[in-house]
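Here is what each chain is made of, one letter per residue.
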Amino acid sequence: MNSRLIFLFTCFLFSCMYGQVEKIEPPFWWSGMQQNELQILCYAKDIAKYDIEIKDVTILEVKKTENKNYVFVTIDTQDIAPGKIAIDFKYNNKVEFSQSYEFKQRKEASAQRKGFDSSDVMYLIMPDRFANGDPKNDTHSHTLEKADRSNPGGRHGGDLQGIIEHLGYLKDLGITTLWSTPLLEDNEPTYSYHTYAQSDFYKIDPRYGTNDDYKRLASEMHKLDMKLVMDYVTNHWGSKHWMINDLPTKDWIHQWPEGFKRSNYRMTTQFDSNASKIDAKGCMDGWFDTTMPDMNQSNPLLLKYITQNAIWWIEYADLDGFRVDTYSYNDKEGISKWTKSIMDEYPNFNIVGEVWMHNQAQIAYWQKDSKIGAKDNFNSYLPSVMDFTLHDAITVMFDEDENAWDKGMIRAYENFSNDFLYANINNVLLFTGNHDTNRINEIYQSDINKYKMAMTLILTTRGIPQLYYGDEIGMLGNRDKNGDGDIRRDFPGGWPKDEQNAFLPPEKNGRTKDQEAFYAFTKKILNWRKNASTIHKGKLLQYIPFDNVYVYFRYNDEKSTMVIINNNTKDHKVDIGRFKEGIKDFKTAVDILTDNNITITEEFTVPAKTSMILELK
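Residues numbered from 1 in each chain as written. Predicted model: local features only at pLDDT ≥ 70, side-chain atom pairs only at ≥ 80, totals over all residues. Heavy atoms only, no water.

Overview of the environment of Asp 585
- Structurally, Asp 585 can be placed in the loop between α18 (580-583) and β23 (588-591).
- For Asp 585, a relative accessible area of 66% gives the class exposed.
- Residues Asp 585 and Leu 616 lie 31 residues apart in sequence; the distance between their C-alpha atoms is 9.5 Å. (Helix = DSSP H or I, 4+ residues; strand = E, 2+ residues; numbered from the N terminus. Buried < 20%, exposed > 50% of the residue type's maximum accessible area, 1.4 Å probe, protein only.)

Considerations on the sheet that holds strand β13 (residues 227-233)
- Read around the barrel, eight strands follow the order β9-β10-β13-β14-β15-β16-β17-β18 and close on themselves; strand pairing throughout is parallel. Each neighbouring strand pair of the sheet contributes to a mean axis angle of 30 degrees, computed without reference to strand direction.
- Across two bridges, strand β15 (residues 351-353) lies against strand β16 (residues 384-386) in parallel orientation. Paired with Val 352 across the bridge in β16 is Ser 384. (Pairing = 2+ DSSP bridges. Axes fitted to C-alpha atoms, helices over the stretch in contact; angles between N-to-C directions.)

Topic: the nonpolar core
- Residues Tyr 123, Tyr 214, Trp 252 and Phe 322 are the most contacted members of the largest nonpolar core, which totals 163 residues.
- Take this core: its biggest share by element is twelve residues, from helix α6 (residues 300-317).
- With residues near it in sequence (within four places) discarded, Tyr 214 still touches Leu 160, Leu 183, Ile 204, Leu 228, Met 230, Trp 313, Ala 317 and Leu 319.
- If you look at the next biggest cluster of nonpolar residues, it comprises 20 residues, including Val 549, Phe 553, Ile 576 and Ile 598. (Core = buried A, V, L, I, M, F, W, Y, C linked by side-chain atoms within 4.5 Å. Contact = heavy atoms within 4.5 Å.)

A few points about unusual backbone geometry
- Put simply, Glu 25 and Pro 26 share a cis peptide bond, and its omega is 0 degrees.
- Positive phi, close to 55 degrees, is recorded for Lys 584, a residue that is not glycine.
- The residue Lys 584 is located in the loop between α18 and β23 in this model.
- Residue classification places Lys 584 among the partly exposed positions, given a relative accessible area of 36%.

Some remarks on the pattern of salt bridges
- Under the counting rule described, the total for this entry stands at 40 salt bridges.
- Residues Lys 332 and Asp 376 are paired through a salt bridge, measuring 2.9 Å at the closest nitrogen-oxygen approach. On the criterion of sequence distance, the pair formed by Lys 332 in helix α7 (residues 332-345) and Asp 376 in the loop between α9 (371-374) and β16 is long-range, its members being 44 residues apart.
- Residue class for Lys 332 comes out buried when judged on its relative accessible area of 13%.
- We note a salt bridge from Asp 436 to Arg 488, for which the minimum N-O separation is 3.1 Å. Separated by 52 residues along the polypeptide, Asp 436 in the loop between β17 (428-431) and α12 (440-443) and Arg 488 in the loop between α15 (484-487) and α16 (513-529) bring together distant segments of the chain.
- A relative accessible area of 15% means that Asp 436 is categorised as buried.
- Through salt bridges with shared partners, one network takes in Asp 231, Arg 323, Asp 325 and Glu 354. (Salt bridge = Lys/Arg side-chain N within 4 Å of Asp/Glu carboxyl O.)

Comments concerning the environment of Ile 125
- Take Ile 125: it is sitting in strand β9 (residues 122-125).
- For the pair formed by Ile 125 and Pro 182, sequence separation is 57 residues and the distance between their alpha carbons is 9.9 Å.

Some thoughts on the sheet that holds strand β8 (residues 94-104)
- Reading across the sheet, the four strands line up as β2-β8-β7-β4 and stay open at both edges, with mixed pairing between neighbours. Pairing within the sheet leaves two strands with one partner each, and these edge strands are β2 (29-30) and β4 (51-54).

Some thoughts on the pairing of β13
- Burial within β13 is extensive, with seven of its seven residues counted as buried.
- Across the two faces of β13 the burial is the same, with Lys 227, Val 229, Asp 231 and Val 233 and Leu 228, Met 230 and Tyr 232 all buried.
- When β13 meets strand β14 (residues 321-325), the two strands line up parallel, connected through five bridges. Considered in β14, the bridge of Asp 231 is made with Arg 323.

Written as structure tokens, this is what we have:
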């Protein structure tokens, strides 16, 4: 037998021994995990006809479903050392082929990783619209939609390399945590740039880069003492996901006799004791959209799959947190198990869920250890929720100039007066806008004074503030009039041929004068906030707004910060006597926004439509 024949025979033998499993997920795992049970999904044509054996490994269960192309093998990993094991597939007591499976060495202290908290400021980007660091991957042969920057709803080319190249910009701005909208593959033929219809849960979309690139992003951020948050989607997958096209079980997704059925979006049916069953099913089991099959978290195989996938990404990419999309649309018992499993593995981790509701009691229901949820015998185990009611108030109150019973700054006061509803008020995410809302500077028509008041509020009150990319340079966008693409514009300077680069200062032909005004204010307050202990963990003392002027204090045993937001069109003289409880024995203060020294034992004036952040001395 000549050398070529030997080579071909060897390749054939190797493919027989190791190449007959088309997919195996998770693709590898780690030794030393707190949770010992690992469910390995094996996928290939008629793979269910085989029996499974693994030498020196305890197999807890082999689950075969009505789809003969799947086998789910659950093993005990407690005593498995780093290295490779062989999964034998047997037919008539004969090993037909083997699949190698690797256990990696776990990173030291991985379980103790610390997630984002109220000392952080989170920055939300849409990667396709932020910066294009590698134009060669704008279009990829393995994905359907091709780059078209002229299309507001198309792929524009932003990627992981673009983010990495601009980490210095974010660090200098004062950002400590980055939340990117999803980066996993979305192979829909159109409108795929948002990446919420994912087609492969173990693969970064190649138009953003590779899995290694995502891992490198986390590494580069950690070198800068910054944190990375993954946008995770549990409620729905994309219609082009390989498993959707060959379902493991019929109930892997929620199916309806009439075919597609859109969710009624009435999340109140999750806890409404008066809700009809058909309405509750219509919310939780209805599809979010035609391209987003609704996943059935009550299916134990699926629940284990998405739980392990989430843990895999934390371990693989060294993540610091999750933001979970459409959290309150999931099967609530299933999603609580998912959340608890992750937090059991990483007790200092943080997860914030999107609970887009407009009532504080309803939002608070979804936070871990909620007393409201307890009335329903429910605990989500979700550490953090998003303060949508504050966002609702912020979008209108700075246009309400005059004193009124229920308008203007009283909206902020009333929002915080309901803080008692939350189990952990410091672990609530605050924002003036995100990728689904009209831009804050569009709402206030580029009025920088209103922007400053809004930023002052979310950056100094309780909770974790989140900024939306480009707000710091005054970017505009109106979803109601012009669609999603308008609130998701490209960051100027993120593309090599852009006429203007807003990542750079004016002296380098970068930001315009107006952009610099927004940027300079944001940078100043963000960098001050990094070391402001009263803002991170201090208590909140607030006063009823009079004359549309809102005053509150953030304080601890040693320090106090006084915040004044004058939303009136007239200057306001501060009545020192009324605020004695907050001022205590402090005599002077420094306004961190102007660096001016102020004597706070006597009356002083706050200009119209202006904020003050006073560090008391």
